[in-house]
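Next come the chains, spelled out residue by residue.
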There are 2 protein chains.
Amino acid sequence: MNLTDSIKRTTLHEELVERLRNLVVEDVLKPGEKVPEKQLCDSLGVSRTPLREALKVLASEGFVVLQANRGARVASVTRAELENTFPVLASLEQLVGELACQQMDAVEFQRIESSHKDMLSAYEARDRQAYFKANQDIHQALIQGARNDILENHHKLLAARVRRARFMANLSDERWAQAIDEHEAMMELLKARDADGLGKTMKLHMMNKLSALVKALEAQDETPR
Amino acid sequence: MNLTDSIKRTTLHEELVERLRNLVVEDVLKPGEKVPEKQLCDSLGVSRTPLREALKVLASEGFVVLQANRGARVASVTRAELENTFPVLASLEQLVGELACQQMDAVEFQRIESSHKDMLSAYEARDRQAYFKANQDIHQALIQGARNDILENHHKLLAARVRRARFMANLSDERWAQAIDEHEAMMELLKARDADGLGKTMKLHMMNKLSALVKALEAQDETPR
DNA sequence: AAAGTTAATTATGAATTCATTATTCAGTCA
DNA sequence: TGACTGAATAATGAATTCATAATTAACTTT
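In what follows, the accompanying structure is described. (Residues numbered from 1 in each chain as written. Chains lettered and ligands numbered in written order. Predicted model: local features only at pLDDT ≥ 70, side-chain atom pairs only at ≥ 80, totals over all residues. Heavy atoms only, no water.)

### What to know about the overall build of chain A
- Check the secondary structure of chain A and you find 9 helices and 3 strands.
- Put simply, chain A runs from its N terminus to its C terminus through helices and strands in the order α-β-α-α-β-β-α-α-α-α-α-α.
- With the C-alpha coordinates of chain A rotated into their principal frame, the extents come out at 60 × 55 × 30 Å.
- Counting every position in chain A, which comprises 225 residues, the buried fraction comes to 47%.
- At a minimum sequence separation of 6, the contacts of chain A that also span at least 24 residues come to 77%.
- About 12,000 Å² of surface is accessible on chain A, with carbon and sulfur atoms providing 50% of the total.
- Each charge sign in chain A was given a centre, from 32 positive and 35 negative side chains, and these centres are 6 Å apart. (Helix = DSSP H or I, 4+ residues; strand = E, 2+ residues; numbered from the N terminus. Buried < 20%, exposed > 50% of the residue type's maximum accessible area, 1.4 Å probe, protein only. Contact = heavy atoms within 4.5 Å. Areas by Shrake-Rupley, 256 points an atom, 1.4 Å probe, with all protein chains shown as cover. Lys, Arg positive; Asp, Glu negative; His and termini not counted. Charge placed at Lys NZ, Arg CZ, Asp CG, Glu CD.)

This is the structure:
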C-alpha cells in the first residue's frame, strides 16, 4: 500500500457537486428547469445546507444559474453559448495535443492505439454507444498524457458543457465519417510525435464539431417538428 | 433611468466570493495559511453559512484548498503549478488576441491606444504602480473586445492565479524592457488587424513572462536571504 | 525533562430554525 | 369574463444549533 496516498474522505457537498453535475450533463435535469431544493434533498437524503453549497459551485461552473430569492435553474444550452465555448475548448485541445505529443510514454501511446482500434470497430458496426465510449477514452488519455492539472480541470468543465449539446442534435453520418478521418490523422501525428501538427488537428477537430452542430441546428430550425 | 437594467441584487455568498478571492490574490491571506471561519465571520459581519458557501466556490476555483474536517487553507503558489498555469493562460491569450483583432471596434481600439500610451509614460517614469494599472487596462480591454463570456471567465480565473505570483519575485529591469517591446509589437499587430500575429505574440508574451519568473525564482534559490 | 496518554476545548460539517421574499389562489370590482 | 388586490402558502437566504472530529492542554510515567 502506498502510504503517500491521502485517505479519501469526501464531504457531502463534494459528492453532491459530482452527482448534480452529472444529472445536468446527462440531461436528467433539463435546461431551464428549476432545481427544487426540497425535492432533491428528500431524494438524495441530505439537508439543504450541503445541497446549496453544491449549487453555488455548480453555478460558478456554469451548469446552473442562481437568481437571488428565486433559487437555481439548470443553465440552458444556447447556440450563442456553444459558439463561445467551442473555440475556448478548441484552444485547450490544441495545447493538449502539443503537450501529449511531448509527454506521453509508450504505454500510454499503446493504450490510445487500442482505444482507437475499438473506435474504428464501433464505427464499422455503427455502434454509437461504443463509439462515444472509445472516443471518450482517447481524449481522456490524451489529457492525462499532457500532465497538466490546470489544463485538465478547465478542459473537463468545458468538455462537460459541450457534451450537453449532444441532446440537441444527432451525429450525422457525414460528420461521423469526417470525425473518423480526423482521428486517423491524429493517430498518425501522434505516432510521428508531431506536436504542432497534432495540436492544430485537434483544434480543427473541435471546430469542425461545432460546424457540424451548428449545421444540424440550422437544419432543425428549417424543419421544426 | 434605464428600465431594462435589471435591479442589482447580490447575495451574501457572491459578495464574499469576490471579497475573499481578492484577499487571496492581494496576498492579504497568505499561501498555506488557515482560513479561520469564525474570525472572518466576525470581521465581515456574516454568519458561517454564506462564508462557507463562498469557500466551496473558491476551492473549486483553486484559491483555497479544503480538507475534510480540517477546514480551508489558502492555496500555495508552487512553481510546478505556475508552470502548468501559464501555458493554459497563454493559449487563452492567443485566442483573445485573435478574436479581439476580429471583433474590436474603433472606440475600443482608441481606448487601448490611450492605455498603451499611459503604459509607456509609466515605464519612462519607472512607476511600477501606474505601469501595472495601464497594463491591466490593456489586457482587460482586449478581453472585452474578444466578446466571449466563456473565454473571459476562464481567463479571469487563471489570470488571478498567476497574479498571485508577483509576490514571489520582482519585475526585473530586463524583463520590463522586453515586455514593453512586446507590447509595442502587439499594438502594431492590432493596428494592422493581424489576428494570427497578435494571437501568437500574446501567447509568447505570456510564456516569456513565465520564463522571466522562473529565472527570478532560480536566482532566489541560489542566493537565499 | 521528554514522550506518551487522556481530558478539555475548539473548529468543523451538516441539520435545523427563522425571517423574508416569491408564488399561488381566492375574492373583488370594473 | 377578466384584470386586479391581498391573504395564504411555499420557497429561499441566512443564522443558529447540534453532533463529531481535530486540536490543545493537562497530566502521567519513565
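### Describing the relation of the copies chain B and chain A
- Aligned on chain A, chain B shows an RMSD of 0.1 Å; the corresponding rotation is 180° and the shift along the axis is 0.0 Å. Both copies are brought into coincidence by an operation consistent with a two-fold rotation axis.
- When you check the interface residues of chain B against chain A, 100% turn up at the interface there too, and the contact is symmetric in its surfaces. (Least-squares fit on C-alpha atoms with pLDDT ≥ 70 in both.)

### Regarding the nonpolar core
- If you look at the biggest cluster of nonpolar residues, it comprises 92 residues, and the most contacted ones within it are A:Leu142 and B:Leu142.
- By size, the runner-up hydrophobic cluster in this structure holds 41 residues, among which are A:Val35, A:Leu58, A:Val64 and B:Ala54. (Core = buried A, V, L, I, M, F, W, Y, C linked by side-chain atoms within 4.5 Å.)

### Considerations on the side chain of A:Arg175
Residue and element names in this part refer to chain A.
- Structurally, Arg175 can be placed in helix 8 (residues 173-191).
- Note on Arg175: relative accessible area 7%, which makes it buried.
- A polar contact of 3.3 Å, which involves the side chain of Arg175, links it to the side chain of Glu182.
- Of the polar contacts made by the side chain of Arg175, one reaches the backbone oxygen of His205; its length is 3.4 Å.
- In contact with Arg175, other than residues within four places in its own chain, are Glu182, His205, Asn208, Lys209 and Ala212. (Polar contact = N/O pair within 3.5 Å; in protein donor to acceptor, adjacent residues only side chain to side chain.)

### Digging into the packing of helix 8 of chain A against helix 9 (residues 195-222) of chain A
Residue and element names in this part refer to chain A.
- Interhelical geometry of helix 8 versus helix 9 gives an angle of 175° and a closest axis separation of 9 Å. Classified by the angle their axes make, helix 8 and helix 9 are roughly antiparallel. Contact residues: helix 8 offers Glu174, Arg175, Gln178, Ala179, Glu182, His183, Ala185, Met186, Leu189 and Leu190, while helix 9 offers Gly197, Leu198, Thr201, Met202, His205, Asn208, Lys209, Ala212 and Lys215.
- Its residues assigned to classes, the contact of helix 8 with helix 9 shows 8 nonpolar, 6 polar and 5 charged. (Axes fitted to C-alpha atoms, helices over the stretch in contact; angles between N-to-C directions. Parallel < 35°, antiparallel > 145°, perpendicular 65-115°, else oblique. Nonpolar A, V, L, I, M, F, W, Y, C, P; charged D, E, K, R; others polar.)

### Concerning the packing of helix 6 (residues 128-146) of chain A against helix 7 (residues 149-163) of chain A
Residue and element names in this part refer to chain A.
- Between helix 6 and helix 7, whose axes approach to 10 Å, the crossing angle comes to 160°. Here helix 6 lies roughly antiparallel to helix 7, going by the angle between them. The hand of the helix 6/helix 7 crossing is right-handed. Across from Gln136, Gln140, Ile143, Gln144 and Ala146 in helix 6, the residues of helix 7 making contact are Leu151, Glu152, His155 and Arg163. (Left-handed = near helix turned anticlockwise from the far one by under 90°.)

### What to know about the packing of aromatic side chains
- What the rule picks out here adds up to 6 aromatic pairs over all chains.
- Plain terms: the ring middles of B:Tyr123 and B:Trp176 are 5.3 Å apart, the flat faces sit at 65° to each other, and that makes the pair edge-to-face. Placement of B:Tyr123 in helix 5 (residues 106-124) and of B:Trp176 in helix 8 (residues 173-191) is noted, with a sequence separation of 53 residues between them.
- Given the relative accessible area of 13%, B:Tyr123 is considered buried.
- With relative accessibility at 1%, the residue B:Trp176 sits in the buried group.
- Here a set of aromatic residues connected by ring pairs shows up, and it is made of A:Tyr123, A:Tyr131, A:Phe132 and A:Trp176.
- The ring of A:Tyr123 has A:Arg126 lying over it, and the distance from NZ or CZ to the ring centre is 4.1 Å. (Phe/Tyr/Trp six-rings, centres within 6.5 Å; stacked < 30°, edge-to-face > 60°. Lys NZ or Arg CZ within 6 Å of the ring centre and 35° of its normal.)

### Concerning the sheet that holds strand 3 (residues 71-74) of chain A
- Pairing is antiparallel across the open sheet formed by 3 strands, whose spatial order is 1-3-2 (chain A). Two strands bound the open sheet, and with one partner strand each, they are strand 1 (34-35) and strand 2 (64-67) of chain A. (Pairing = 2+ DSSP bridges.)

### With respect to helix 3 (residues 48-61) of chain A
- Taking 1.5 Å of rise per residue, 14 residues should cover 20 Å, and helix 3 of chain A covers 20 Å from first to last C-alpha, within 8% of that figure.
- Taken residue by residue, helix 3 of chain A has A:Pro50, A:Leu51, A:Glu53, A:Ala54, A:Leu55, A:Lys56, A:Val57, A:Leu58 and A:Glu61 as its buried positions. (Expected span 1.5 Å × (residues − 1).)

### Examining the pattern of salt bridges
- Inspection of the entire model under this criterion finds 34 salt bridges over all chains.
- In this structure, A:Lys215 and A:Glu174 form a salt bridge, with 3.6 Å as the shortest nitrogen-oxygen distance. Of this pair, A:Lys215 sits in helix 9 while A:Glu174 sits in helix 8; the two residues are 41 residues apart in sequence, bridging distant segments of the chain.
- What makes A:Lys215 exposed here is its relative accessible area of 53%.
- With its nearest N and O atoms 3.3 Å apart, the salt bridge here joins B:Glu218 to B:Arg79. One end of the pair, B:Glu218, is in helix 9 (residues 195-222); the other, B:Arg79, is in helix 4 (residues 79-103), and 139 residues separate them in sequence.
- B:Arg79 gets classed as partly exposed once you look at its relative accessible area, which sits at 34%.
- If you follow the salt bridges from partner to partner, you end up with A:Glu18, A:Arg21, A:Glu61 and A:Lys156 in one network. (Salt bridge = Lys/Arg side-chain N within 4 Å of Asp/Glu carboxyl O.)

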